[in-house]
Amino acid sequence: MTQNSVLAVVLAAGKGARMKTELPKVMHALAGAPLLAHVLTAAKGASIDRICAVIAPGMEEVEVVARALDPDLAVFVQAEPQGTADAVKAAQSAFAGFAGSVLVLYGDTPLLRTETLNRLRRELDDGADLVVIGFEASDPTGYGRLLLDDGGTLMGIREEKDASETERALTLCNSGIMGFRNGKILADLLSRIGNANAKGEFYLTDAVALARADGLDARLVPSEGSEVLGVNSRAELAQAEAAMQARLRREIMAGGATLIAPETVFLSHDTKVGKDVTIEPNVIIGPGVVIGDNVTIRGFCHIVGANIGANAVVGPFARLRPGTALGPKAHVGNFVEIKQAEIAEGAKVNHLTYIGDASVGARANVGAGTITCNYDGFAKHRTEIGAGAFIGSNTSLVAPVKIGEGAYIGSGSVISKDVPADALALSRAPQEERPGWAARLRKQRGRERGGGNNGT
Ligand code: UD1
Ligand code: CA
């Protein structure tokens, strides 16, 4: 069977009234990426030749997101939200003369998988005129119901608001994903869709009954409900997030990662995880994270925009912010925050430390409570710590500053000048001692060593 060329129209002009939001609905995030990005990624995976997006006036941010994913994307503007058929019409100039298949996808159906689009394409390549992806819903509320004849042939779609009691009881629903054999068939059907219905909108779903009346071959492709969930409300957004997280966790486990309590680990759409990685409970991984082989992420870490080299150990309670690059075997321990910094191979930053705008050389040891003072209230400055350097506990490194290779910084220092390789630098007030002072004080107050009130 030869594959037709294919164009997809992705609808994203709806206001998302049920979300109660100022943000366009398709810009709401799922696993760290806008809903629309998920749909476009699924479409790109199905090697669609051309993708068109339909947006509303003033939705520039949607256009930016869409173009970032597909620079060749064609954007059309639907002047007013008059329904899904009207939205598709906005892109008519792109598909009217198109001889290949045309898919219509809804921007609020983010769990859609490429395989399902490929199944739809196969039906079109096989000669179907119109294909609808349907699913069995445990709760069909809000979805259009698929109307079949006694032989199981798809006859039409009834929107919930227009459905009779009997039709409402149907649980076979419209996913919203449709395919048309070519642009001409779609344009012709659209031209005959009216708006005499409960919402006064032009429903794309009416195309099915019109196609059947014309004797066209309209087919149903079943799919899993978990894959075509439409996001219309915040509750559905949370449901979609849960389903997407479950999918992402399954994928990294299949790739060789151990998740001790998978349901407590949150991943992003683009999280990359190597083999023999262990992620302990309660870890949040935001966008842009790559985790190498044999890494251990201990409990309660928050990681965004970070590259973690093989055999590194992170956490518990570490925060890795964008621009963090941990080399192989690096150790980052509890209550450590790192941003825009490279921690080279085998270096250790184990306790209560902030490293920002810095580089830490191989096998350097950064002691507890070290702070890179990277911000002077006006600009950010860099700290460079050479390979094998030792930074004593509670050191402030006032950037810009360089610590040479193998240098040693005494605990409690405030370092504001560069330190040469292998030198010792310390800046702390000399220690004073007064022999017997504490004993005299206790005597005066009538107390034993270690005595005293226990506080109130
Ligand atoms: C739609 C289907 C319904 C299906 C459900 C699946 C219609 C009439 N109904 O209902 O059969 O079961 O999706 O999730 O198609 N949009 C525009 N312009 C408009 C209206 C909508 O671009 O004027 C876009 C929206 O941004 C959204 C998509 O089209 O991405 C679907 O619109 P929505 O209002 O969410 O339709 P549903 O009521 O969910
Ligand atoms: Ca919807």
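Residues numbered from 1 in each chain as written. Chains lettered and ligands numbered in written order. Predicted model: local features only at pLDDT ≥ 70, side-chain atom pairs only at ≥ 80, totals over all residues. Heavy atoms only, no water.

## Details of the overall build of the protein
Part 1: Of the regular secondary structure elements, the protein holds 10 helices and 34 strands.
Part 2: Computed over the C-alpha atoms, the radius of gyration of the protein is 30 Å, more than 25% above the 23 Å expected from 2.2 N^0.38 for a compact globule of 456 residues.
Part 3: Burial statistics for the protein: of 456 residues in total, 48% are counted as buried.
Part 4: Put simply, 44% of the contacts in the protein that link residues at least 6 apart link residues at least 24 apart.
Part 5: Per element, the accessible surface of the protein, about 21400 Å² overall, is 51% carbon and sulfur.
Part 6: The centroid of the 47 positive side-chain charges in the protein is displaced by 10 Å from the centroid of its 51 negative side-chain charges. (Helix = DSSP H or I, 4+ residues; strand = E, 2+ residues; numbered from the N terminus. Rg over C-alpha atoms; globule rule 2.2 N^0.38 Å. Buried < 20%, exposed > 50% of the residue type's maximum accessible area, 1.4 Å probe, protein only. Contact = heavy atoms within 4.5 Å. Areas by Shrake-Rupley, 256 points an atom, 1.4 Å probe, with all protein chains shown as cover. Lys, Arg positive; Asp, Glu negative; His and termini not counted. Charge placed at Lys NZ, Arg CZ, Asp CG, Glu CD.)

## Points about the nonpolar core
Part 1: Among the nonpolar cores identified, the biggest contains 134 residues, and Phe95, Leu105, Leu130, Leu204, Ile297, Ile308 and Ile403 are the most heavily contacted of them.
Part 2: Here this core spans two domains, since at least three of its residues come from each of domain 1 (6-228) and domain 2 (234-425).
Part 3: Among residues more than four places away in sequence, those in contact with isoleucine 308 are Val290, Ile291, Gly292, Val295, Ile297, Ile303, Val314, Leu320 and Leu326. (Core = buried A, V, L, I, M, F, W, Y, C linked by side-chain atoms within 4.5 Å. Domains from an automatic or database assignment.)

## Here we look at a nonpolar patch on the surface
Part 1: There is a patch of nonpolar side chains on the surface, built from Phe300, Phe317, Phe335 and Leu352 and spanning about 420 Å² of accessible area.
Part 2: Assignment of secondary structure puts phenylalanine 317 in the loop between strand 21 (313-314) and strand 22 (318-320).
Part 3: Relative accessible area serves as the criterion here: at 37%, phenylalanine 317 is assigned to the partly exposed category. (Patch = residues over 30% accessible without salt bridge, like charges linked within 9 Å, V, L, I, M, F, W, Y side chains within 5 Å. Salt bridge = Lys/Arg side-chain N within 4 Å of Asp/Glu carboxyl O.)

## Observations regarding the domain arrangement of the protein
Part 1: Entries for the protein in the domain assignment read domain 1 (6-228) and domain 2 (234-425).
Part 2: For domain 1 versus domain 2, the distance between C-alpha centres works out to 43 Å.
Part 3: Contact with domain 1, which involves 15 residues of that partner, is made by 13 residues of domain 2.
Part 4: Between domain 1 and domain 2, roughly 1100 Å² of surface is buried when both sides are summed, and carbon and sulfur atoms account for 62% of that area.
Part 5: By the criterion of area lost to domain 2, the three top residues of domain 1 are Met19, Ala31 and Leu111, representing 45% of everything that side buries.
Part 6: Our count for the contact surface shared by domain 1 and domain 2 stands at 0 salt bridges.
Part 7: At the junction of domain 1 and domain 2, the tally comes to 5 residue pairs in polar contact (both at pLDDT 80 or more).
Part 8: Looking at the side of domain 1 that touches domain 2, the elements with two or more residues in it are strand 2 (29-30) and helix 1 (35-45).
Part 9: Partitioned by chemical class, the residues of the side of domain 1 that touches domain 2 number 8 nonpolar, 4 polar and 3 charged. (Buried area = accessible area lost by both parts, 1.4 Å probe. Polar contact = N/O pair within 3.5 Å; in protein donor to acceptor, adjacent residues only side chain to side chain. Nonpolar A, V, L, I, M, F, W, Y, C, P; charged D, E, K, R; others polar.)

## What about the coordination of the calcium ion (ligand 2)?
Part 1: At 2.2 to 2.4 Å from the calcium ion (ligand 2) lie its protein donor atoms, namely Asp108 (OD) and Asn232 (OD1). On the criterion of sequence distance, the pair formed by aspartate 108 in the loop between strand 6 (101-106) and helix 5 (114-125) and asparagine 232 in the loop between strand 11 (218-223) and helix 9 (234-254) is long-range, its members being 124 residues apart. Here aspartate 108 matches asparagine 232 in class, with each residue buried. (Donors = N, O, S within 2.8 Å, 3.2 Å for Na, K, Ca; no water.)

## A few points about the environment of arginine 363
Part 1: Considering the arrangement of structural elements, one finds arginine 363 in the loop between strand 25 (348-360) and strand 26 (365-366).
Part 2: When the C-alpha positions of arginine 363 and glycine 386 are compared, they lie 9.2 Å apart, and in sequence the two are 23 residues distant.
Part 3: Beyond its immediate chain neighbours, meaning those up to four positions away, arginine 363 contacts Glu345, Gly346, Ala347 and Gly388.

## Notes on helix 9
Part 1: In this model helix 9 runs 30 Å from its N-terminal to its C-terminal C-alpha over 21 residues, within 8% of the 30 Å that 1.5 Å per residue would give.
Part 2: Every buried residue of helix 9 is accounted for by Glu236, Leu237, Ala240, Met244, Gln245, Arg247, Leu248, Arg249 and Ile252.
Part 3: The elements touched by buried residues of helix 9 are strand 2, helix 1, strand 12 (257-259), strand 13 (265-266), strand 14 (272-273) and strand 15 (277-279). (Expected span 1.5 Å × (residues − 1).)

## So, the packing of aromatic side chains
The geometry of two aromatic rings is summed up by the distance between their centres and the angle between their planes.
Part 1: Within the structure shown, the criterion is met by 4 aromatic pairs.
Part 2: When the centroid spacing of 5.1 Å and the interplanar angle of 15° are considered together, the rings of phenylalanine 317 and phenylalanine 335 count as stacked. Within this pair, whereas phenylalanine 317 is found in the loop between strand 21 and strand 22, its partner phenylalanine 335 is found in strand 24 (residues 331-343), the two being separated by 18 residues in sequence.
Part 3: On the basis of relative accessible area, phenylalanine 335 is assigned to the partly exposed category, the value being 48%.
Part 4: Through pairs of rings, three or more aromatic residues link up here, namely Phe300, Phe317 and Phe335.
Part 5: It is arginine 249 that lies over the ring of phenylalanine 266; its NZ or CZ is 5.2 Å from the centre.
Part 6: Over the face of the ring belonging to tyrosine 375 we find lysine 380, whose NZ or CZ atom lies 5.1 Å from the ring centre. (Phe/Tyr/Trp six-rings, centres within 6.5 Å; stacked < 30°, edge-to-face > 60°. Lys NZ or Arg CZ within 6 Å of the ring centre and 35° of its normal.)

## Quick look at the layout of surface pockets
Part 1: As a volume, the largest pocket reaches approximately 1000 Å³.
Part 2: If you trace the largest pocket, you find 36 residues lining it, with Arg18, Thr84, Asp108, Lys199 and Asn232 closest to the centre.
Part 3: Listing elements by their share of the lining of the largest pocket, those giving two or more residues are helix 3 (84-89) and strand 10 (172-180).
Part 4: If one sorts the elements of the lining of the largest pocket by residue count, strand 10 sits on top with 3 residues.
Part 5: Of the residues that constitute the lining of the largest pocket, the class distribution is 11 nonpolar, 16 polar and 9 charged.
Part 6: The wall of the second largest pocket is formed by 19 residues, among which His38, Thr41, Met244, Leu248 and His269 lie closest to the centre.
Part 7: Listing elements by their share of the lining of the second largest pocket, those giving two or more residues are helix 1 and helix 9.
Part 8: The element contributing the most residues to the lining of the second largest pocket is helix 9, with 5 residues.
Part 9: In terms of residue class, the lining of the second largest pocket is built from 10 nonpolar, 6 polar and 3 charged.
Part 10: Each of domain 1 (6-228) and domain 2 (234-425) gives at least three residues to the lining of the second largest pocket. (1 Å grid on protein atoms, 1.4 Å probe; cavity = no way out; pocket = protein on both sides within 12 Å on 5 of 7 lines; lining within 4 Å. Points joined across faces, edges and corners; volume = space filled by probe spheres on them.)

## Side note on the site of ligand 1
Part 1: Surveying the vicinity of ligand 1 reveals 23 residues, the closest of which are Gly14, Gln78, Tyr106, Glu159 and Asn174.
Part 2: Between ligand 1 and glycine 14 there is a distance of 2.8 Å, counted from an oxygen atom to a backbone nitrogen or oxygen.
Part 3: One of the side-chain N or O atoms of tyrosine 106 is found 2.7 Å from an oxygen atom in ligand 1.
Part 4: Summarising the interface, the protein chains cover 93% of the accessible area of ligand 1, which totals 750 Å² for the free molecule.
Part 5: With respect to the detected pockets, ligand 1 is housed in the largest pocket.
Part 6: Looking at the shell around ligand 1, the elements with two or more residues in it are helix 3 and strand 10. (Near = heavy atom within 4 Å. Sits in = over half its atoms within 2 Å of the grid points.)

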